[in-house]
Amino acid sequence: MRKHYCLLLVSLMAVLTCFLPMAGWAQSRSGPVKGIIRNDKGEPVAGATIQEKGTTNTVSSGADGQFSITVASKAALLISFTGFSPLEVKADGTQPMNLVISPEARSMNEVVVVGYGSQKKATLTGAVASVKGTDLVQSSSANVSNAIAGRVPGVIANNRSGRPGDDASTLLIRGFNSFGGGTAPLIVVDGIPDRDFSRINPSDIENITVLKDASAAIYGVRSANGVILVTTKRGKSGKATIQYDGSYGIQQLTRLPETVNAWQYMTYYNEINPNTYATEEIEKYKAGNDPNYTSTDWYNEVFRKSAPQTAHSLSVNGGNENVRYYFSGQYLDQSSNFRNSIEHYKQFNIRSNIDARISKNLKVNLDIAFRNETRNYPTYGVNSILHETRSLYPFVPVYWPNGSLSAGVANGRNPVILVTDAPGYDKPRNYILNPQAGFEWQLPFITQGLSVSGYASYDVNYRTEKIFTKPWDAYSYNKTTDTYSNQKSSTAQTSITQDERFTTASTYFIKMAYDRQFGQHNFNAFVGYEQTNSNYSQTYAFRKNLLSEQIDQIFTGSAEGQLATGAAAQDGRASVLGRLAYNYANKYMAEVSFRYNGSFNFPEENRWGMFPAVSAGWRISEEKFFRDNIRFINQLKLRGSWGKMGSDAVAQYLFLTRYQLVTNKNYYTYFGDDYALASSINLSSTPNTNITWETQDTRNIGLDATFLNNKLNFSIDYFRYLREDILAQRSASIPLYTGMSLPAENIGKSLNRGVDLSLVYNNRAGAFSYSIGGNMTYAKSKVLFRDEAANVPEWQKSEGYPIDSWLVYETNGIYHTQKEVDESVHLPGATPGDLHIKDIDGNGVITSNDRVRKYESATPKLVYGLTLAGAYKGFALNMLFSGQAMAKQMILSQMQGSLIAPPQWLYDGRWTEQTPDAQYPRAFNSNDTYNSIYADFWLRNAAFLRLKSVELSYSVPAKVYSRAGLNNLRVYVSGFNLLSFDKMKQYGVDPETNNITGVNYPQTRMFRFGINVGL
């Protein structure tokens, strides 16, 4: 009976299905719905899936992000794309639809570039962090290295200067690991080591990956300081897309010190040397009502408030299944904040990345990148210019009443003229060519998953520099006689310097790989061979006393005093390397790698070494017991790694007996009655035939997790680096009084431990999507062994303490009264207003033994970053905050020279008889042995939190520009180094500085306006 009822019900449903459309109850097709898919940066997304909800009706977006799909009326569309959060919208008939999808933070399916390959983030077992190129372009800085700060956990980036063409950040991965050799990470661009990534067009970068633990061990003898992998963009199949990005920026200096005016300067130096300046003269400057007695703000005269920067970038991307291409070009023009200066930096980049499929199993690629860097600098260096800026009396005008240029303190060195081309010019030029060819050959006819691939490159870097100096007009003025005297004859000699440097570097790499899955068993393995070679040559020529200031050619110089010399060097490494990775059901992962590495820096019998690494991971969230019981955690992975890594970042030829040509005339040899000078060769160093690389035992344990339906991503790592065989001198073993000097040996030992973590939350509320992220790195080093001299006091030793430190006198502030001086141990001649130095060793005398170590430096032990992003109907806001802590910098401008103008804060707070309770010492200069000393009194907290970058953009709706044939149109405004919260502002110093006296080119902030157009 039940069977009959079921048949009847089925028949009835079939009849209704036939009649419902006639009755108009079923939905009818409403025709095509058109639109465009963009990411949160406004860029078109190719290959996104558009599906009519509840059906199998799907289409994909084209290369320009556009799509067309026929759906039922009032249907919902589901938009999906790998690595992005799914989007559901109503097909409401709006034509065309402008849809924006947002990336899933740290998607577990994301593919991450690692050493000599790539892996899914879900199965990574190493501590690997990455940043996308779309994030890097938000920075307004012309230097890519500045865009990393605050974005990548584990990376410590400090920008010390904003000078055009010389504004890169110093980079450390997880702090200091060595006190002997280099500490900078290895940079690898598209598989080629030692390429400079800081000057790459940011729009060309696909992503940057940082290998922080044993995952870097695959790079062997160059892995101990970590590795940064840069991957450039490649073509994608589809219709050709053209992207143009143009911007105009305004650069400003973040901070400049405020210095004293004329009468304050005179008052200050009268306190150092009484009666240097007459009281009547001081009063005239103080009154300020006489045009002949005015003050000059030399910083204001040397620097201008704003300087322009323009950048233009154009790229073409496209291809088909057989040929894909990516072409790009960039032009950058960056002016200096020196006023009326010739200082300028220009850069031109072109790139061509081509991939071609020759046959079903064979692919080849040819990449060519070229960069031209043009710097136009004054003859005088930045430090010299700023030294004169601080030394030049503020009562001296830039120009005398008759309009002639003042001569400065001496030899016409007026900094206003030093930044111009009047004294000549310094023009370094760099031409960098990076060609690379590669192939990949699949070998299914042998076995599925087997392949052979390789690449070769031949990089060329030609640097030419020409320095032309000439005398200039500058006048001294005698008020008494009202006469002017041209100092041109003492300003400079005419001269030409030409410095030509040529470097070539080749890399050859070939590997056989096997990538296969058997059921739930996944294998990935390769073995390869890599060889790198480089050759460097330099030719240097100098002549002076040119025939004419109008001809800047070396042939016009005199043979007297001419110099013609040169140099050459070479470098090379060879390696056999490999890796085996296995995972079961994407749940249990293990990886083993090795590199058998030889380095040119060591003797043949001690040149080769093995660098193994192992790592493992467990995706706990894939276990049934976890999935069935813990629902709020979507992904949970535990991982650990160990590796033996190396560093050969030491000077070359230390294992050889080296000689040098004597150039000091005091050591020339004389022959004959009418002696003639004869050059001689002297031993320049004692060899160490046992020298080897520094070795590092690297251990890391980490945890990755996602929560709340993959909206919240969390990662944390603890690391421990034990560095041995650090190159260091024997100080305790060989006393100084012996007069012996032994070569550095591999005897040092250090430990570096710390933690880094990141946390990112992504969500959306209707049309509003947002992201909040944070990261932090703490790294603390410790010297385990350094052969320190036996007579070094315990409180000055570095053993047992962090590598980086200040060695300073410890103080109790300053002496306020003579009684305080009399009741303390003090330097002979100390008076009220001097630093109160502590007698640390208690021997009743202040000596160098009373200095103590302060175990912080300008390099922070703690860095952090905070990212905020939001998008709403075409509008997008992205903000990056970066910060540091546990850092100290010494601020002591008076150490720069005997005539240095004191900063306003030091003048206002100095000790005088009228202000005995003052905060700072009495007036002093660099000759002062009581106050112009390294002391903890001058150390300042260099911690800061700064708004590193911010970008506000708007993606114009497609209906506005679709008739013009455009694919996308986005306008934006951005800023760099806009705000800083720190304790250095009162000193007029940027907290990222590492310059004690403040004579470096300051850091810059930037405001940028731009447009991005797609065709």
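For the structure itself, look to the data block above.
In short, a report on the structure.

The subject of this paragraph is the nonpolar core. Counting residues in each nonpolar core, the largest one holds 43 residues, and the members touching the most others are F395, L835, M890 and W938. Of all the elements in the fold, those that place two or more residues in this core are α3 (262-272), α4 (279-287), β40 (806-809), β42 (835-837) and α11 (904-908). The dominant element in this core, judged by the number of residues it contributes, is α3, at 6 residues. Non-local contacts of F395, meaning those with residues more than four positions away in its chain, are made with A262, Y265, M266, Y277, Y285 and T294. The next biggest cluster of nonpolar side chains, apart from the first, holds 24 residues, and it includes L124, A214, Y219 and A513.

Let us now look at a nonpolar patch on the surface. On the surface, F439, W441, F445, I446, I510, M512, V527, Y529, V576, Y596, W608 and M610 cluster together into a nonpolar patch covering about 1100 Å² of accessible area. Among the secondary structure elements, those contributing two or more residues to the nonpolar patch are β22 (424-442), β26 (495-518), β27 (521-544) and β30 (608-619). Tracing the chain through its elements places F445 in the loop between β22 and β23 (450-469).

Sheet topology places strand β36 (residues 694-707) next to strand β37 (residues 712-728); 13 bridges connect them, and they run antiparallel. For I701, the partnering residue across the bridge sits in β37 and is Y718. Joining the antiparallel neighbours β36 and β37 is a turn of 4 residues, in which L708 adopts a positive phi near 55 degrees. Taken together, the 16 bridges between β37 and strand β38 (residues 745-765) define a ladder with antiparallel strand orientation. The residue bridging L727 from the neighbouring strand is N746, located in β38.

Now for α3. Buried residues dominate α3, accounting for 9 of its 11 residues. Looking only at α3, the buried set comprises A262, W263, Q264, Y265, M266, T267, Y268, Y269 and N270. At its buried positions, α3 is contacted by α4, α6 (382-391) and α11. Capping the start of α3 is the job of one residue whose side-chain oxygen sits 3.4 Å from the backbone nitrogen of W263: N261.

Conventions and cut-offs
Residues numbered from 1 in each chain as written. Predicted model: local features only at pLDDT ≥ 70, side-chain atom pairs only at ≥ 80, totals over all residues. Heavy atoms only, no water. Core = buried A, V, L, I, M, F, W, Y, C linked by side-chain atoms within 4.5 Å. Buried < 20%, exposed > 50% of the residue type's maximum accessible area, 1.4 Å probe, protein only. Helix = DSSP H or I, 4+ residues; strand = E, 2+ residues; numbered from the N terminus. Contact = heavy atoms within 4.5 Å. Patch = residues over 30% accessible without salt bridge, like charges linked within 9 Å, V, L, I, M, F, W, Y side chains within 5 Å. Areas by Shrake-Rupley, 256 points an atom, 1.4 Å probe, with all protein chains shown as cover. Salt bridge = Lys/Arg side-chain N within 4 Å of Asp/Glu carboxyl O. Pairing = 2+ DSSP bridges. Polar contact = N/O pair within 3.5 Å; in protein donor to acceptor, adjacent residues only side chain to side chain.

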